[in-house]
Amino acid sequence: EQLVRDLKESSAILDPKRQSKLQTQLISHVFTTYFRVLKRFSTSSALPTVLKGIAKFSNLINIELVLDLLQCLKQLIKASV
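Presented here is a report on the structure given in the accompanying data block. Not measured: the values here are computed from a predicted model.

Description of the overall build of the protein
- A count of helices and strands for the protein gives four helices and zero strands.
- Start at the N end of the protein and walk to the C end: the helices and strands fall as α-α-α-α.
- Since a compact globule built from 81 residues should have a radius of gyration of about 12 Å, the 18 Å found for the protein marks it as more spread out than a globular shape.
- Sequence separation of at least 24 residues holds for 53% of the intrachain contacts in the protein that already meet a minimum separation of 6.
- As presented, the protein carries roughly 6,800 Å² of accessible surface, and 59% of it is formed by carbon and sulfur atoms.

Topic: the packing of aromatic side chains
- Tallied over the full model, the rule gives one aromatic pair.
- Considering the side-chain rings of Phe31 and Tyr34, the 5.2 Å spacing of their centres and the 75 degrees angle between planes classify their relative orientation as edge-to-face. Pair noted here: Phe31 and Tyr34 are both in helix α2 (residues 16–40), with a separation of three residues, about one helical turn. Each member of the pair, Phe31 as well as Tyr34, is classed as buried.

Section: the nonpolar core
- Core analysis: the largest hydrophobic core is formed by 13 residues, its most contacted members being Phe31, Tyr34, Phe35, Leu38, Val50, Ile54 and Leu69.
- Among the secondary structure elements, those contributing two or more residues to this core are α2, α3 (47–57) and α4 (63–80).
- No other element matches α2, which puts six residues into this core.
- Discounting chain neighbours no more than four positions away, the residues touching Tyr34 are Val50, Gly53, Ile54 and Phe57.

Calculation criteria
Residues numbered from 1 in each chain as written. Predicted model: local features only at pLDDT ≥ 70, side-chain atom pairs only at ≥ 80, totals over all residues. Heavy atoms only, no water. Helix = DSSP H or I, 4+ residues; strand = E, 2+ residues; numbered from the N terminus. Rg over C-alpha atoms; globule rule 2.2 N^0.38 Å. Contact = heavy atoms within 4.5 Å. Areas by Shrake-Rupley, 256 points an atom, 1.4 Å probe, with all protein chains shown as cover. Phe/Tyr/Trp six-rings, centres within 6.5 Å; stacked < 30°, edge-to-face > 60°. Buried < 20%, exposed > 50% of the residue type's maximum accessible area, 1.4 Å probe, protein only. Core = buried A, V, L, I, M, F, W, Y, C linked by side-chain atoms within 4.5 Å.

Don't take any of this as a statement about function, it's just geometry.
Okay, here's the thing in C-alpha cells:
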C-alpha cells in the first residue's frame, strides 16, 4: 500500500479529476485577467492580445462568464464610438 502511494506521488501523471480541476482554475484565472484588461485598460496595447485569447478560449467558460463577457464587450464598443 505504501509502495503504491509512493509510486503515485513520484509519477508525473495527474489524477483526471485533479487535472480537470486545475484546468478549470487556470481558465478562471486567465479570464479574470482578460476581464481586468477589458474593464480597466480598454485603451491598452494588450487589448488585441486579450481579444484573441477570448476568441480562442471562450468556448471553455460557463454561460455566466459569457454573459459578463458580452456586457464588457458591449461597453467597450459603446466607449469607442
